[in-house]
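# Architecture at a glance
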Amino acid sequence: MASSATTCSSVLHLLHNDTSTSSLLSSKGMHLRSSSLSLLSPRRTSSPSPMIQFSPKGFGSGSANPLFVATAEKKKSPFQTEAVRQLTGSVTKTEGFRFAIVIAKFNEIVTRPLMEGALDTFQKYSVREEDVDVVWVPGCFEIGLVAEKLGKSGKYNGIVCIGAVVRGDTTHYEEVANSTASGVLSAGLNSGVPCIFGVLTCENMDQALNRAGGKVGNKGSEAALTAIEMASLFGHHLKE
């Protein structure tokens, strides 16, 4: 028994340190399967195997061998991302642009502060006074017709449409508000010149005044800034 133990110990020691393992085992009359040798003395290779093998039969339940961990292979996408050209208008390059303001006389207590806000914004963004024309119309219903006429004249790069429609006790409010919005939209589409909707549609006069320089700001100023940006977009990027 002592001799057998000594022989076994020698074999295990040499399995880790001697490259002539096969010859030693043969001289001792011992034969081990290659699978056992690989477990006792794993060979080191210069590079790891590119594939991870899983046991087809797990530890009695058909699951993968938990001793092995699969690494995810990164596949190169067949699609390559290309730079997308993005176009936007500028509010700082206003030289040479001309604008018109179409404003309704009806509810002038509201529309005049809106116009003043628009003029003030044009001045702040370096649009010259002589490059802005103001056209008064009786009411909001007439804004679209005049805006389209001005747009087709070819004199302007942008048109600001200003008005105020306040809800009353009849459906007149709905008809005027919808017709005004459609008119301004059609003016821009038919003329090819940006027509900016600066018409207030409010429930009461307090809401309108708050949007004409009151607590909510000045929507006329916002409309003028939009006109500048759209004029720049058309003038610098969307030329025919």
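Going by the structure above, here's the rest.
This text gives an overview of the structure that appears in the document. (Residues numbered from 1 in each chain as written. Predicted model: local features only at pLDDT ≥ 70, side-chain atom pairs only at ≥ 80, totals over all residues. Heavy atoms only, no water.)

## Observations regarding a nonpolar patch on the surface
Residues Leu87, Phe234 and Leu238 make up a contiguous nonpolar surface patch of about 230 Å² in total accessible area. Tracing the chain through its elements places leucine 238 in the segment after helix H8 (219-236). With relative accessibility at 42%, the residue leucine 238 sits in the partly exposed group. (Patch = residues over 30% accessible without salt bridge, like charges linked within 9 Å, V, L, I, M, F, W, Y side chains within 5 Å. Areas by Shrake-Rupley, 256 points an atom, 1.4 Å probe, with all protein chains shown as cover. Salt bridge = Lys/Arg side-chain N within 4 Å of Asp/Glu carboxyl O. Helix = DSSP H or I, 4+ residues; strand = E, 2+ residues; numbered from the N terminus. Buried < 20%, exposed > 50% of the residue type's maximum accessible area, 1.4 Å probe, protein only.)

## Notes on the nonpolar core
Counting residues in each nonpolar core, the largest one holds 24 residues, and the members touching the most others are Phe99, Ile101, Val110, Phe122, Val160, Ile162 and Leu200. Elements that contribute at least two residues to this core include exactly strand E1 (99-104), helix H4 (108-124), strand E3 (158-166), strand E4 (195-202) and H8. When residues no more than four places from it in sequence are discounted, the contact partners of valine 160 are Ala100, Ile101, Val102, Phe122, Ile196, Ala223, Ala224 and Ala227. In terms of nonpolar packing, the next biggest core, distinct from the first, is built from 20 residues, Ala147, Tyr156, Ala177 and Val184 among them. (Core = buried A, V, L, I, M, F, W, Y, C linked by side-chain atoms within 4.5 Å. Contact = heavy atoms within 4.5 Å.)

## Quick word on H8
Owing to its 3.6 residues per turn, the α-helix aligns residues three or four sequence positions apart on the same side. Under the 1.5 Å per step criterion, the end-to-end length of H8 is 26 Å for 18 residues, consistent within 8% with the ideal 26 Å. Along H8, the residues that are buried comprise Gly220, Ala223, Ala224, Ala227, Ile228, Ala231, Ser232, Leu233 and Gly235. Structurally, H8 contributes buried residues whose contacts are with E1, H4, E3, E4 and strand E6 (217-218). You can read the cap of H8 off the contacts: a side-chain oxygen lies 2.8 Å from the backbone nitrogen of glycine 220, and it is on asparagine 218. (Expected span 1.5 Å × (residues − 1). Polar contact = N/O pair within 3.5 Å; in protein donor to acceptor, adjacent residues only side chain to side chain.)

## Concerning the packing of H4 against H8
Two numbers describe how H4 lies on H8: the axes approach to 6 Å, and their chain directions differ by 40°. One way to sum up the angle between H4 and H8 is to call them oblique. As H4 packs across H8, the resulting crossing turns out to be right-handed. Between H4 and H8, the contacting residues are Leu114, Gly117, Ala118, Thr121 and Phe122 on the first element and Lys219, Gly220, Ser221, Ala224, Leu225 and Ile228 on the second. Residues of the contact of H4 with H8, tallied by class, amount to 6 nonpolar, 4 polar and 1 charged. (Axes fitted to C-alpha atoms, helices over the stretch in contact; angles between N-to-C directions. Parallel < 35°, antiparallel > 145°, perpendicular 65-115°, else oblique. Left-handed = near helix turned anticlockwise from the far one by under 90°. Nonpolar A, V, L, I, M, F, W, Y, C, P; charged D, E, K, R; others polar.)

## Some points on the pattern of salt bridges
Taken as a whole, this structure holds 10 salt bridges when the rule is applied. Among the salt bridges present, the one from aspartate 131 reaches arginine 128, with a minimum N-O distance of 2.9 Å. Of the charged contacts, one joins lysine 152 and glutamate 148 as a salt bridge, the two residues approaching to 3.0 Å between their closest N and O atoms. You can see lysine 152 and its partner glutamate 148 sitting in helix H5 (residues 143-152), 4 residues apart, about one turn around the helix. By relative accessible area, which is 55% here, lysine 152 ends up exposed. Note on glutamate 148: relative accessible area 19%, which makes it buried. What you see here is one network of salt bridges that share partners, running through Arg98, Arg128, Glu130, Asp131 and Asp133.

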